[in-house]
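Chains, contacts and geometry: an overview
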Amino acid sequence: MADLHDAAHQDAAHERVREVVAGIPAGQVLSYGQVAARAGLRSARQVGRILALDSDDLPWHRVLRADGRCAPHLAGEQLARLRAEGVTVVDGRVRR
DNA sequence: AAAGTGACTAGAC
DNA sequence: CGTCTAGCCACTT
């Protein structure tokens, strides 16, 4: 039965990242690298990739770059959502 | 198999 | 502050 689930379930890493992102409280943000560390991954790029594929039910807007900036193509939506949660955004950058 | 790509990061200047 | 470089890793061409 393992082989059937294997493809559908993707990787354990994938699932851990989902858990970590789902656990970020409203009004708080984490960098891709922080999520990676919490999920036991080696590279921040993997987090971005996973979110790009499967962010549908997650608060993906709480994950941004290490410098407090968000990914270029997401900036508009992401910043709007963060501001709606009470996050301080100054000149397109999140204040922690 | 080799090169290109991207929701990244840290360091150098 | 800013830009550039190199390192990173899974995926695509």
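Scroll up for the structure.
Our subject in this report is the structure included herewith. For every chain, the first residue of its written sequence is number 1, and the numbers climb from 1 along that sequence. The order in which chains are written sets their letters, starting at A; the order in which ligands are written sets their numbers, starting at 1. Per-residue local features are limited, in this predicted model, to residues with pLDDT of at least 70; the limit for side-chain atom pairs, both in listing and counting, is 80 or more; totals at the level of whole chains, interfaces and linings are taken over all residues. As a rule here, side-chain values come from all non-hydrogen atoms in the structure, and water together with hydrogens is ignored.

Attention now moves to the protein's contact with DNA strand C. In the vicinity of DNA strand C, the residues found are Arg 42, Ser 43, Arg 45, Gln 46, Arg 49 and Arg 93. Note on terminology: near, applied to a residue and a molecule or strand, indicates that one of the residue's heavy atoms is within 4 Å of it. In DNA strand C, atoms within 4 Å of the protein come 71% from sugar and phosphate. Ser 43 has a polar side-chain atom sitting 3.5 Å from a sugar or linking oxygen of DNA strand C. N or O atoms closer than or at 3.5 Å make up a polar contact, with two conditions inside protein: a donor-capable atom paired with an acceptor-capable one, and, for residues adjacent in sequence, both atoms drawn from side chains. Here a sugar or linking oxygen of DNA strand C sits 2.7 Å away from a polar atom, N or O, in the side chain of Arg 49.

Around DNA strand B sit 16 residues in total, of which Arg 45, Arg 49, Ala 52, Ala 66 and His 73 are the nearest. Among the atoms of DNA strand B lying within 4 Å of the protein, the sugar-phosphate backbone contributes 46%. Taking Tyr 32, its side chain carries an N or O atom lying 3.1 Å from a base nitrogen of DNA strand B. When contributions to the surface near DNA strand B are tallied by element, the ones reaching two or more residues are helix H3 (32-39) and helix H4 (44-53). At 6 residues, the largest contribution of residues to the surface near DNA strand B is made by H4. For this classification, the nonpolar set comprises Ala, Val, Leu, Ile, Met, Phe, Trp, Tyr, Cys and Pro, the charged set comprises Asp, Glu, Lys and Arg, and every other residue, Gly included, is treated as polar. Each residue belonging to the surface near DNA strand B can be placed in one class, and the counts come to 8 nonpolar, 5 polar and 3 charged. Put simply, DSSP marks the helices as runs of H or I at least four residues long and the strands as runs of E at least two long, and each gets a number from the N terminus on.

Within the fold, Arg 18 resides in helix H2 (residues 12-22). In this structure the C-alpha to C-alpha distance between Arg 18 and Ala 39, which are 21 residues apart in sequence, comes to 8.7 Å. Beyond its immediate sequence surroundings of up to four residues, Arg 18 is in contact with Asp 54, Asp 56, Asp 57 and Leu 58. A polar contact is formed between the side chain of Arg 18 and the side chain of Asp 54, at a distance of 2.7 Å. In this analysis, two residues are considered to be in contact whenever any of their non-hydrogen atoms come within 4.5 Å of each other.

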